[in-house]
Amino acid sequence: MKKLIYIILLSILMLFMTGCSSKDEGVKMNIYYINADDTALVQDEYRLKAESTEEQIIEVMDVLMDADHNVNYHSAIPEELEVKEFRYRNKRLDLVFSEEYNSIPKGREVLLRAALGQTLVQIPEVSVVSFYIESQPLTTLSGEVIGYMRAEDFVQNTGSILKSYKTTDLRL
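Report follows, based on the coordinates. What you are looking at is a predicted structure, and each value in this text was computed from that prediction instead of being measured.

**Some words on helix 3 (residues 106–120)**
Here's step 1: The terminal C-alpha atoms of helix 3 lie 21 Å apart, and with 15 residues this matches the ideal 21 Å at 1.5 Å per residue to within 8%.
Here's step 2: Buried within helix 3 are the following residues: Arg 108, Glu 109, Leu 111, Leu 112, Arg 113, Ala 114, Ala 115, Leu 116, Gly 117, Gln 118, Thr 119 and Leu 120.
Here's step 3: Buried-residue contacts for helix 3 involve strand 1 (28–35), strand 2 (41–47), helix 2 (53–65), strand 3 (73–74), strand 5 (92–97) and strand 6 (128–133).

See the structure below:
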């Protein structure tokens, strides 16, 4: 009987020790890329290695830009587009891009914004993301400042964002 109790206690102790030592390192998140057809977002699971928020931002931006080795998707950030700097304060992240941002086709630009926004707001201390072109905030075609974007501002329908259709009958 003592032997059985000893084995049970030893098993419980080993279970607790394994639970502590096999803990996954880093924050689990999804990195969003653009599919090979430039029509939708795809996601890839990733674990952050960096500890500080600033280091996590740099790490995620590096991962986002290094997707061109995959045949199914590519980086949301075109090679000709430079991310000049980022500013982080009070859970707000500002990304400053070079003026080449203005030459990105509109459909691709929407996917770029969605990929970066959905990816970066997963960093624990980042709640909102804003884009700047040089020193000017990103605006709509009518000139309205887009401002800070939250996770809720992005459609979560990866895989078919630009190919979604709805049909209806209209009387003319």
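The structure having been displayed, the exposition proceeds.
**Regarding the pattern of salt bridges**
Pairing is possible between side chains of opposite charge, provided their charged atoms come close.
Here's step 1: On inspection of all chains with the given rule, the structure shows 10 salt bridges.
Here's step 2: Note that Lys 84 and Glu 134 form a salt bridge whose closest N and O atoms lie 2.9 Å from each other. Residue Lys 84 is found in strand 4 (residues 83–89), and its partner Glu 134 is found in the loop between strand 6 and strand 7 (136–137); the two are separated by 50 residues along the sequence.
Here's step 3: Taking the relative accessible area as the measure of exposure, Glu 134 reaches 31% and is therefore partly exposed.
Here's step 4: Among the salt bridges present, the one from Asp 153 reaches Arg 150, with a minimum N-O distance of 3.0 Å.
Here's step 5: Judged by relative accessible area, which is 40%, Asp 153 ranks as partly exposed.
Here's step 6: On the basis of relative accessible area, Arg 150 is assigned to the partly exposed category, the value being 41%.
Here's step 7: It is possible to trace a salt-bridge network through shared partners that takes in Glu 85, Arg 87, Arg 89 and Asp 94.

Reading the values: the criteria
Positions within a chain are numbered from 1, following the residues in the order the chain's sequence is written. The predicted origin of the model limits local features to residues at a pLDDT of at least 70 and limits the giving and counting of side-chain atom pairs to 80 or more, whereas totals for whole chains, interfaces and linings rest on all residues. For the side-chain quantities, the full set of heavy atoms in the structure was used; hydrogens and water were omitted. The way it works is that DSSP assigns letters per residue, a run of H or I at least four long becomes a helix, a run of E at least two long becomes a strand, and they are numbered from the N terminus. How far a helix is expected to stretch is found by multiplying one less than its residue total by 1.5 Å. Three labels apply to residues, based on accessible area from a 1.4 Å probe with only protein chains included: buried if under 20% of the type maximum, exposed if over 50%, partly exposed otherwise in between. Contacts are assigned to residue pairs with any non-hydrogen atoms lying within 4.5 Å of each other. Should a side-chain nitrogen of Lys or Arg be within 4 Å of a carboxyl oxygen of Asp or Glu, the pair is scored as a salt bridge.

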